Amino acid sequence: MSPTVQELQNGIRAATGRFEREVKASFTKEELQAICEALGVDVDEAGRPSTSQMRRLIRTHVGIAESLEAADDSTFRKPDIQAIADEVGASFEP
């Protein structure tokens, strides 16, 4: 049986040193920043990057989008989360 979105998200949170959540929740700005760090994605050093910018950077880095310009900045869908989990080496408990 395939893992749920929440299980995948919690696996990513654990792999990036963040706390797992008992309720269904999108990634926070801090969690997106931790994902970027775990992936080695260079976020804007001059200031705090927006959540939209970090989502686009992550999608580009894991191969969901071909370029930053083509990357979607909406919240992640299950296939996106699965690709991110694979890239950060997340494990999850059913």
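These numbers come from a predicted model, not from an experiment.

Chemist: Now, about the overall build of the chain: what can you tell me, with residues and values included?
Modeler: A tally of helices and strands in the chain yields 4 helices and 0 strands. Counting helices and strands in the order they occur from the N terminus, the chain gives α-α-α-α. The C-alpha radius of gyration of the chain comes to 12 Å, within 12% of the 12 Å expected for a compact globule of 94 residues. The principal-axis extents of the C-alpha atoms in the chain amount to approximately 40 × 25 × 20 Å. Going through the 94 residues of the chain one by one, you find that 36% of them count as buried. For the chain, the proportion of contacts with a sequence separation of at least 24, taken over those separated by at least 6, is 31%. Put simply, the chain shows about 5600 Å² of open surface, and 46% of that area lies on carbon and sulfur atoms. Looking at the chain, you have 11 positive and 17 negative side-chain charges, and the mean spots of the two groups are 6 Å apart.

Chemist: Before we move on, can you summarise the packing of helix H2 (residues 29-39) against helix H3 (residues 51-61) with the specific residues and values?
Modeler: Each pair of packed helices gets described by two things: the angle between the helix axes and the distance between those axes. Close contact between H2 and H3 brings their axes to 10 Å; oriented N to C, the two are set at 30°. It follows from the interaxial angle that H2 and H3 lie roughly parallel. In this structure, H2 crosses over H3, and the sense of that crossing is left-handed. On H3, the residues that touch Lys29, Leu32, Gln33, Ile35, Cys36 and Leu39 of H2 are Thr51, Met54, Arg55, Ile58 and His61.

Chemist: Kindly report on the packing of helix H1 (residues 5-15) against helix H4 (residues 78-88), identifying the contributing residues and their values.
Modeler: As a packed pair, H1 and H4 sit with axes 9 Å apart at the nearest point and diverge in direction by 30°. Taken as axis vectors, H1 and H4 run roughly parallel relative to one another. Here H1 runs over H4; the crossing is left-handed. Contact with H1, carried on its side by Val5, Leu8, Gln9, Ile12 and Ala15, involves Lys78, Ile81, Gln82, Ile84, Ala85 and Val88 of H4 and no other residues of that element. The residue makeup of the contact of H1 with H4, split by class, is 8 nonpolar, 2 polar and 1 charged.

Chemist: Tell me what's going on with the pattern of salt bridges, and back it up with residues and numbers.
Modeler: On inspection of all chains with the given rule, the structure shows 5 salt bridges. Across the pair Arg59 and Asp80 runs a salt bridge, and its minimum N-O distance is 3.0 Å. Here Arg59 is found in helix H3, whereas its partner Asp80 is found in helix H4, with 21 residues between them in sequence. Owing to a relative accessible area of 6%, Asp80 belongs among the buried residues under this scheme. Salt-bridge contacts for Asp80 lead to Arg77; the nearest nitrogen and oxygen are separated by 4.0 Å. We classify Arg77 as partly exposed; its relative accessible area is 45%. Several salt bridges converge on common partners, so that one network encompasses Arg59, Asp72, Arg77 and Asp80.

Chemist: Can you explain the side chain of Arg13? Please cite residues and give values.
Modeler: Structurally, Arg13 is set in helix H1. If sequence neighbours within four positions are ignored, Arg13 has contacts with Arg18, Phe19, Glu20, Arg21, Ala25, Ser26, Phe27 and Glu31.

The rules behind the values
- Residues numbered from 1 in each chain as written.
- Predicted model: local features only at pLDDT ≥ 70, side-chain atom pairs only at ≥ 80, totals over all residues.
- Heavy atoms only, no water.
- Helix = DSSP H or I, 4+ residues; strand = E, 2+ residues; numbered from the N terminus.
- Rg over C-alpha atoms; globule rule 2.2 N^0.38 Å.
- Buried < 20%, exposed > 50% of the residue type's maximum accessible area, 1.4 Å probe, protein only.
- Contact = heavy atoms within 4.5 Å.
- Areas by Shrake-Rupley, 256 points an atom, 1.4 Å probe, with all protein chains shown as cover.
- Lys, Arg positive; Asp, Glu negative; His and termini not counted.
- Charge placed at Lys NZ, Arg CZ, Asp CG, Glu CD.
- Axes fitted to C-alpha atoms, helices over the stretch in contact; angles between N-to-C directions.
- Parallel < 35°, antiparallel > 145°, perpendicular 65-115°, else oblique.
- Left-handed = near helix turned anticlockwise from the far one by under 90°.
- Nonpolar A, V, L, I, M, F, W, Y, C, P; charged D, E, K, R; others polar.
- Salt bridge = Lys/Arg side-chain N within 4 Å of Asp/Glu carboxyl O.

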